[in-house]
Structure formats: C-alpha cells, structure tokens
Amino acid sequence: MIDTYRARSEAAREMDYLPGNVKKKEKAEMSEERAVQQVLARYVRGVDARDGAAVAAVFTEDGRVEISYNNSGKSEPLGELVGRETIAAAVSQMMKPHSARGWSHHTTHDHIIDVNGDDATLDSQFVVFEVRGKERPTAGWPDGASGAQGTVQPIEAGYYRPILRRVDGVWKITTLRITHSLPMAFPGQ
Amino acid sequence: MIDTYRARSEAAREMDYLPGNVKKKEKAEMSEERAVQQVLARYVRGVDARDGAAVAAVFTEDGRVEISYNNSGKSEPLGELVGRETIAAAVSQMMKPHSARGWSHHTTHDHIIDVNGDDATLDSQFVVFEVRGKERPTAGWPDGASGAQGTVQPIEAGYYRPILRRVDGVWKITTLRITHSLPMAFPGQ
Amino acid sequence: MIDTYRARSEAAREMDYLPGNVKKKEKAEMSEERAVQQVLARYVRGVDARDGAAVAAVFTEDGRVEISYNNSGKSEPLGELVGRETIAAAVSQMMKPHSARGWSHHTTHDHIIDVNGDDATLDSQFVVFEVRGKERPTAGWPDGASGAQGTVQPIEAGYYRPILRRVDGVWKITTLRITHSLPMAFPGQ
C-alpha cells in the first residue's frame, strides 16, 4: 500500500517537472509546516506496514530514535536506536508482526510545529490502535452479523517529538523522541 | 449541527465580499492542501450526522465510492456507490441509524496530500468511534457517578484515499477509495 | 513537558529576531489557519497536564467556555466558565487529577477553520483517552509480558468549536463551545 502511494506520488511529481508542462506554474509550494507533518505521516505508514526501509527513509543517515516512559512526570529511558540500519532492523525484526487478519494504526494528533530555516521541531500526541479481524466462516457470516467483524483496540499512547533538518530540500528526522504514557515490558529483560 | 456550522460559515463568507468591506484585503487564501483536507472533514461530519445530502455535496456529480477490505495485504472488494444520488441514499438509508443517545465520530489522521493544479490525492487513516450515552435516571445520576456516562468504542479503522478535482474553484471528490482494516458483514449476503 | 516545549520554542523565536541572523529571511510566516489550529493543540496539552495557567493562556482575558451535551440533536447546557481565572481554577482544581501512572490524551480531529481578518472559527471533533499504567512488580514484569503494560480507554467524545480573535498578532480563544456526545454527571448535582 505504501509502495502504491509512493509510485503514484513520484509519478505526479515527475509529471510536474516535464518541460512545457502547463500545470507547472499552478503547482504551489506546500508550506514547510505541512511538509514536516507529512514526514511523520510517512513514518507511521511505514511502522504500520512493518516496513523497515520505508521508516528508515524518513530519517537522516545518522538519525536516531530515543524512547522513554513518562512515569507520572519522571522520565524513564527505555531504549535508543542509532542509525538508519538499526532503525530499519528494529521495525522489520523487533516489532511484533501482525497476526492473521491483524493490522495496526499508529495515529498522530494536535501537531505543534516550529520551522526555523532548515531546522524544525514537531510535537504531537500519538495513539496506537490494534486491529484484529474475525475469520469469515466458510458458511459465511452468521445471521444477524452486521458491520465490522473484529476489534479495534487502543493499546499505546504518548508523544512523538521529532527534530528535523532539511537536507537538499527534503525534511528528514534527525532525532525522534518517543515518550510513552504507559510502561513497556520487553521479553527477556 | 452541520447546518449551524454552514450557516455561520456562509455568513462569514458573504460578509467578506460585501463592497467596501475593510477586511477583504486581509483575507488570505487558504492553502490548497488545507482546502483538500477540509473536504474530508466535511465528509465525516456528514456521515456522522447521517446526512446524505451533506455527504453527496462533497462529491462531483459522477462521484463514486469504492469500498474494499485489506485482508492481510490482499484487497477484497466490498462494494461500490456510483453517483451523488446513490451516495446520498446509502448514507441516509443504508447506514445504521444512531440509537437513542447514540452518535458516531468518524475521525481521520495523518493526511498525505498531493496537489497538482486542479487534481489532488489525499491518503489518510480513519478510526470510527461509536458513542452510546446512558439514560439519566429520573431521580438523577446515582451517588458517586462522575464524568461521562456511557461508552466510546472504536469499531472500525482503515484508510480513506480520495481523488479530488477542483471544479469552479471548489475541491470535490471524484473517487473515494475506502479500505477497511476489518472484514465487513452485510445482512442478507 | 509543556514548559520544556515552550522554553525551546521561545528560544527559537528569539534567535530568529537577533539582528543579523542569517536565518531570519528564511523564516516563512506560518499560515493563519495553522496558527489557529495550534492554539487548540496548546489547549489540549494544558488540559492533559492539568495546568490551569497554560490553559488560561490560550484565552483572551474575558475568554469563556460553554459546555453542553448533544442529546440526540437536543442541546442541553452543562455549564459555563467565564474569565481566565475561572478557567484556570477549573482545570487545576475541578478536573479529576491523574491517578498514579495515569495520564490523559485529549485529541482533536478534522478541523474546519475559517479565518476572516482578525476573527476565526474552528470546528473539530475530539476524543479523550484515559491512560492507566500498571505498576512494575519489584521482581520485574512477569515472564511473557510484552509491550505496553496498562490500558488506553476512550472515555469522552464530542466537538470543540472555539471562536478566536487575533490580539497583537496572537490568536486567542474568546469562546470555546464544547459539545459532549455523552451525558455528564457532576457529583452533588
């Protein structure tokens, strides 16, 4: 799905720069704040697809993720991922894979963005929903079944506070600070 | 509620174009991306109000809705609505009406918008919350009752991916692709 | 956390206005619509921190909050807060404090914004999530525990419809109309 979006988007962009394209002049520049916000939108798309490469692509080469838990005002560090490769591996290999008919929706809210030249900060809330679909019986859904078959459950919440830098005209995350509002257990720790 | 909003909004707009209105010059153009995003905001307001006419109004005359379920990466078509009238009828007549003291909130998140002249695409996540209020006992709420009385339950999630066209300066949806993250049961199917 | 954000943000702003700052020219003006939306983002940050002063700061001196419940289309008034001091006191003293390892996330969605000179209206949905973290056992999380330890529960939903005015270049809320989609019980009433 992510790839489909990209393909379409690249194509649109390319078209825009074809010589003599009459639409070129009409294409207004997107505001820097929206461009910054869309970096986070691509981050959550990649995380939900468990696509490590897509997530790593929104970071600078030396990008990092700093994860902590806000324990009633006291910050407790949970972990750190340094460098694109480590970030990609964590998403593809360390995140729990989706169960059959499962999906997740990492959603972000109430962005506060501050752009200053080639530097920017973003402060947003996040809520993660876990989706588990029921299996359709071979005889079809039972009589009276209507609407969505399965559950949508909020399981995590907190704040994403990325710091970004514009490199060759493209906003990238240099450091993503993730503050969880819930404590986290890691197997084997 | 939708109507109240509209009335206020029309009035504001009209005021803006009164001859000699000193505020006219101060009214900056809204960015195309925000205008596109607000089309989706009006769509969900209409859906939550089960107001078929309000929903149809955000589509072009030949607008369509394509609904599918993403079954672990495999897209399964669920249905299609073609034309404003069909869309209006589906919202007003086919969607489950709210129960007494019931409401819904269709919410959208993490928009990725690409505007190209008079064409645009939007990619967003959605989560639907079902709200069911308790009935206030004739003797009033019981001792100790405090805060919201009822439940807010996420019941659906997925992606809205509308394609839009600007017609006479107004963005309209030509095709709304809805991808559910949960399977759907339709009575009688 | 709010304070940290602010400190950083003020510093960034100050830097921007230092004489001879090469970045000054690059700092584009944020759109009025985004500035309006960020007022609401600061409001919810303040509410979640139960920080009455931070919440009062987004209102004009004579700002007010009008709270009602939408009972299946019939609006029932729930209360009114008039003036910054009353608003600050309500947030700091009347809102339920967070439990140990508890937090809340007031989130807002699908903003419809209308800016007209120094006046603006915003119409958004809101969902409130209550977060309750588990206490980590002294012997550590039990075998098999993995991921977030605790619950994220949507408990309230409705509409925020603030009216704003720009005073000395800063958007402030003059009236915040809160419409709950659930009835509310107040102890002792």
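Before going into details, it helps to say that this report is about the structure given with it. Keep in mind the model is a prediction, meaning the values are calculated, not measured.

1. Here's the deal with the sheet that holds strand β6 (residues 150–167) of chain B
Residues and elements named next belong to chain B.
- With mixed pairing, 6 strands are arranged side by side in an open sheet as β2-β1-β7-β6-β4-β3. The open sheet terminates on both sides in strands that have one partner only, identified here as β2 (74–82) and β3 (102–116). Strand-to-strand twist across the sheet, computed as the mean angle between neighbouring axes with direction ignored, equals 25°.
- On the sheet, helix α2 (residues 32–48) packs against β3, β4 (119–133), β6 and β7 (170–180) and is oriented at approximately 160° with respect to β3.
- Across the sheet, helix α4 (residues 84–94) touches β1 (59–71) and β2, and the angle it forms with β1 is around 55°.

2. A look at the interface of chain A and chain B
- Facing the 36 residues of chain A at the interface are 28 residues of chain B.
- When contributions to the side of chain A that touches chain B are tallied by element, the ones reaching two or more residues are α1 (2–17), α2 (32–48), β3 (102–116), β4 (119–133), β5 (147–148) and β6 (150–167) of chain A.
- Residues belonging to the side of chain A that touches chain B are distributed by class as follows: 15 nonpolar, 11 polar and 10 charged.
- By the bridge criterion, 2 bridges tie β5(A) to strand β8 (residues 184–185) of chain B in an arrangement that is antiparallel. Along β8(B), the bridge assignment pairs Ala148(A) with Met184(B).

3. Topic: the sheet that holds β6(A)
Residue and element names in this part refer to chain A.
- Pairing within the open sheet is mixed, and its 6 strands lie in the order β2-β1-β7-β6-β4-β3. One side of each edge strand has no neighbouring strand; the edge strands of this open sheet are β2 (74–82) and β3. The sheet shows a mean angle of 25° between the axes of neighbouring strands, direction not considered.
- As defined by bridge partners, β3 adjoins β4 across 13 bridges and the pair is classed as antiparallel. Paired with Thr107 across the bridge in β4 is Val127.
- In the packing of α2 onto the sheet, the strands contacted are β3, β4, β6 and β7 (170–180), and the crossing angle to β3 comes to about 160°.
- The strands touched by helix α4 (residues 84–94) within the sheet are β1 (59–71) and β2, with β1 carrying the most contacts at an inclination of about 55°.

4. Some details on the relation of the copies chain A and chain B
- Superposing chain A onto chain B requires a rotation of 120° together with a translation of 0.0 Å along the rotation axis, leaving an RMSD of 0.0 Å. Taken together, these values place the two copies in the relation of a three-fold axis. Judged by C-alpha distance, His109(A) is the residue of chain A that lies nearest the rotation axis, at 4.3 Å.

5. Regarding unusual backbone geometry
All names here are of chain A.
- For Arg101, which is not a glycine, the phi torsion comes out positive at approximately 55°.
- With respect to the helices, strands and loops of the structure, Arg101 is situated in the loop between α4 and β3.
- The phi angle at Asp168 is positive, at roughly 50°, despite the residue not being glycine.
- Mapped onto the fold, Asp168 is located in the loop between β6 and β7.

6. Digging into the relation of the copies chain C and chain B
- Superposing chain C onto chain B takes a rotation of 120° combined with a translation of 0.0 Å along the rotation axis, leaving an RMSD of 0.0 Å.
- Of the interface residues in chain C, just 7% have counterparts in chain B that sit at the interface too, so the contact is made through distinct surfaces.

7. Details of the pairing of strand β4 (residues 119–133) of chain C
Residues and elements named next belong to chain C.
- Counting buried positions over the 15 residues of β4 gives 13, a clear majority of the element.
- Taken together, strand β3 (residues 102–116) and the strand that follows it, β4, pair antiparallel across an intervening segment of 2 residues, in which Gly117 is found at a positive phi of about 65°.
- Across 13 bridges, the pairing between β4 and strand β6 (residues 150–167) is antiparallel. Residue pairing for β6: Gln125 is matched across the bridge by Tyr159.

8. Things to note about the environment of Val58(A)
Residues and elements named next belong to chain A.
- Relative to the elements of secondary structure, Val58 occurs in the loop between α3 (52–56) and β1.
- Once the C-alpha coordinates of Val58 and Leu40 are considered, the two residues, 18 residues apart in sequence, prove to be 8.2 Å apart.
- Every residue in contact with Val58, bar those within four places of it in the chain, is listed here: Val39, Arg42, Tyr43, Lys172 and Ile173.

9. Concerning the interface of chain C and chain B
- Contacts between the two partners involve 28 residues from chain C, matched on the other side by 36 residues from chain B.
- Going through the elements one at a time, α2 (32–48), β3, β4, β6 and β8 (184–185) of chain C are the ones with two or more residues in the side of chain C that touches chain B.
- Among the elements that take part in the side of chain C that touches chain B, β3(C) stands out by supplying 6 residues, more than any other.
- Considering only residue class, the side of chain C that touches chain B consists of 10 nonpolar, 11 polar and 7 charged.

Procedures and definitions
Residues numbered from 1 in each chain as written. Chains lettered and ligands numbered in written order. Predicted model: local features only at pLDDT ≥ 70, side-chain atom pairs only at ≥ 80, totals over all residues. Pairing = 2+ DSSP bridges. Helix = DSSP H or I, 4+ residues; strand = E, 2+ residues; numbered from the N terminus. Axes fitted to C-alpha atoms, helices over the stretch in contact; angles between N-to-C directions. Contact = placed C-beta atoms within 7 Å. Nonpolar A, V, L, I, M, F, W, Y, C, P; charged D, E, K, R; others polar. Least-squares fit on C-alpha atoms with pLDDT ≥ 70 in both. Buried ≥ 20, exposed ≤ 12 C-beta atoms within 10 Å, placed from the backbone.

Spatial relationships are all this shows, so hold off on functional conclusions.
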